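The lines below spell out each chain.
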Amino acid sequence: MIMAESAEPADLEPAAAPVAEMDLVRRAQRGDLEAYDELIQRYQQRIYATVYHMTSNHEDANDLAQDSFIKAFQALKSFKGGSSFYTWLYRIAVNKTINFLKQRKNRIHMSLNDLDFNTENNPDLVALISEKTPRRDAGLKELQEKLNAALLKLSEPHRLVVVLHDVQGHSHEEIAEIMDCNIGTVRSRLFYARQQLQSLLTDYLKPT
Amino acid sequence: MNEDNFDTLRRLLELKRHEVPPPGYFNRFSSQVLVRIRAGEAGEARAAERVLATSWWSNFFQLFELKPAFAGAFASALCLLLVFGIVYADRPESGPQPFLPGTDPTVTSFAAMTPAAMPSATYDAGVMASNNPAASLQPVASLFGSENPLAQPVSFSPSGN
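None of these values were measured; they are calculated from a predicted model. (Residues numbered from 1 in each chain as written. Chains lettered and ligands numbered in written order. Predicted model: local features only at pLDDT ≥ 70, side-chain atom pairs only at ≥ 80, totals over all residues. Heavy atoms only, no water.)

1. Overview of the interface of chain A and chain B
So, step 1. Every contact between the two is made by 58 residues of chain A and, on the other side, 32 residues of chain B.
So, step 2. For the pair chain A and chain B, the summed buried area comes to about 4,500 Å², and 67% of that belongs to carbon and sulfur atoms.
So, step 3. On inspection of chain A and its partner chain B, the count reaches two salt bridges.
So, step 4. With its nearest N and O atoms 3.8 Å apart, the salt bridge here joins Arg 10 of chain B to Asp 166 of chain A.
So, step 5. In this structure, the connection of chain A to chain B is made through 14 residue pairs in polar contact (both at pLDDT 80 or more).
So, step 6. Listed by contribution, the elements that provide at least two residues to the side of chain A that touches chain B are helix H2 (33-55), helix H3 (58-74), strand S1 (114-115), helix H5 (123-130), helix H6 (136-152), helix H7 (156-167) and helix H9 (183-200) of chain A.
So, step 7. When residues of the side of chain A that touches chain B are assigned to their parent elements, the largest contribution, 10 residues, is made by H2 of chain A. (Contact = heavy atoms within 4.5 Å. Buried area = accessible area lost by both parts, 1.4 Å probe. Salt bridge = Lys/Arg side-chain N within 4 Å of Asp/Glu carboxyl O. Polar contact = N/O pair within 3.5 Å; in protein donor to acceptor, adjacent residues only side chain to side chain. Helix = DSSP H or I, 4+ residues; strand = E, 2+ residues; numbered from the N terminus.)

Written as structure tokens, this is what we have:
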């Protein structure tokens, strides 16, 4: 299965029918679980992807994503519509994940998801590994592990900025809203995080 | 901050987009969330029913558990009540009232009175204005002017011992 939405960074903000979304939210606020089911299906992939990229563990990501949707439902009555439901939901998921990571601190266990079949067709990735190993599959797997290990070495705020921007394609403004900080902070964190990653992944980064 | 410096890194990070959960994962995800939400709601409803079903007595003690200050206040009130009761019992506000006007208030029963000690006016009138049932057993002056035979003095001489 392909995480289609997380693979399309330019199409992250739910542009389709914002009125319909608010309608779903209002119905869900009145306890309509069918409406909430619709909201879950609309955002489950993006929420899961963000949490997964932060934790590098499928089981943790599953628990945290489910907990985030449950908490959002319980807190739905307090949602006044000051921001989009999507941003509000994202904030819940991000805060939950950061709290979880603070507690987990010394228990880093990666259970990485498999790569989809499109990976081998990505010319950039193929170029990145082609000189490393003759066997492409092994190279991709190794690269995936190294990349996740490097990400886990970043602090949570820095990792979150990289995940939201470089992996999921959010804009600086969206990230600032989600993280409740200003755009300058987002930019500086992103720069610092990239520098860190670059030094951690020197062997895999060669100038193109 | 030149974005081009990180171009290779950004392309490497795109590898993350290809990581996918197990097949069919998202088909089950929302139903699992809804099951947990329903289970939570059912759990809350059961808890509410349990609270309503319990007696007022257990609710009262549950209140103590929830608010220890209330338990303290309740215990203090009980202690005050107990102390007040003890103090009140030790210091009676009114002693025994004289049964009849002019009699010794320490004598509380006609049975303990000698006829001589009885107030003559009352005795003569033969009217006992009292609600005390014990009084009705006491000698009453005759309504026809004759003396009460029970009030006759007796002479008693102990046998020789």
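There's more to say after this.
2. Structural notes on the side chain of His 58 of chain A
So, step 1. Structurally, the position occupied by His 58 of chain A is in helix H3.
So, step 2. Within the structure, His 58 of chain A has its side chain in polar contact with the side chain of Tyr 48 of chain A (distance 2.6 Å).
So, step 3. When sequence neighbours within four positions are dropped, the list of residues in contact with His 58 of chain A reads Tyr 48, Tyr 52, Ser 111 and Asn 113 of chain A together with Pro 21, Pro 22 and Tyr 25 of chain B.

3. Section: the packing of aromatic side chains
Residues and elements named next belong to chain A.
So, step 1. Tallied over the entire structure, the rule returns 15 aromatic pairs over all chains.
So, step 2. Ring geometry for Tyr 48 versus Tyr 52: centroids 6.0 Å apart, planes at 10°, classification stacked. Taken as a pair, Tyr 48 and Tyr 52 lie in helix H2 at a separation of four residues, close to a single helical turn.
So, step 3. With relative accessibility at 0%, the residue Tyr 48 sits in the buried group.
So, step 4. Relative to Trp 88, the ring of Phe 85 has its centre 5.8 Å away and its plane inclined at 40°; by these criteria the two rings are tilted. Linking Phe 85 with Trp 88, this pair stays in helix H4 (residues 85-104), spanning three residues, or about one helical turn.
So, step 5. We classify Phe 85 as buried; its relative accessible area is 0%.
So, step 6. Residue classification places Trp 88 among the buried positions, given a relative accessible area of 13%. (Phe/Tyr/Trp six-rings, centres within 6.5 Å; stacked < 30°, edge-to-face > 60°. Buried < 20%, exposed > 50% of the residue type's maximum accessible area, 1.4 Å probe, protein only.)

4. Section: the confidence of the model for chain A
So, step 1. Looking at chain A, the pLDDT average stands at 82 and 77% of residues meet or exceed 70.
So, step 2. Residue range residues 1-12 of chain A is modelled with pLDDT below 50. Its contacts to residues more than four positions away, or to other chains, number 36 contacts. (pLDDT = per-residue confidence, 0-100.)

5. Some words on the layout of surface pockets
If you roll a probe as big as a water molecule over the atoms, it shows you where there is empty space left.
So, step 1. As a volume, the largest pocket reaches approximately 180 Å³.
So, step 2. Forming the boundary of the largest pocket are 13 residues, of which Phe 73 and Gln 74 of chain A together with Ile 37, Glu 41 and Glu 44 of chain B lie nearest the centre.
So, step 3. When residues of the lining of the largest pocket are traced back to their parent elements, those giving at least two are helix H1 (18-29) and H3 of chain A together with helix H2 (25-53) of chain B.
So, step 4. Classifying every residue of the lining of the largest pocket by side-chain character gives five nonpolar, four polar and four charged. (1 Å grid on protein atoms, 1.4 Å probe; cavity = no way out; pocket = protein on both sides within 12 Å on 5 of 7 lines; lining within 4 Å. Points joined across faces, edges and corners; volume = space filled by probe spheres on them. Nonpolar A, V, L, I, M, F, W, Y, C, P; charged D, E, K, R; others polar.)

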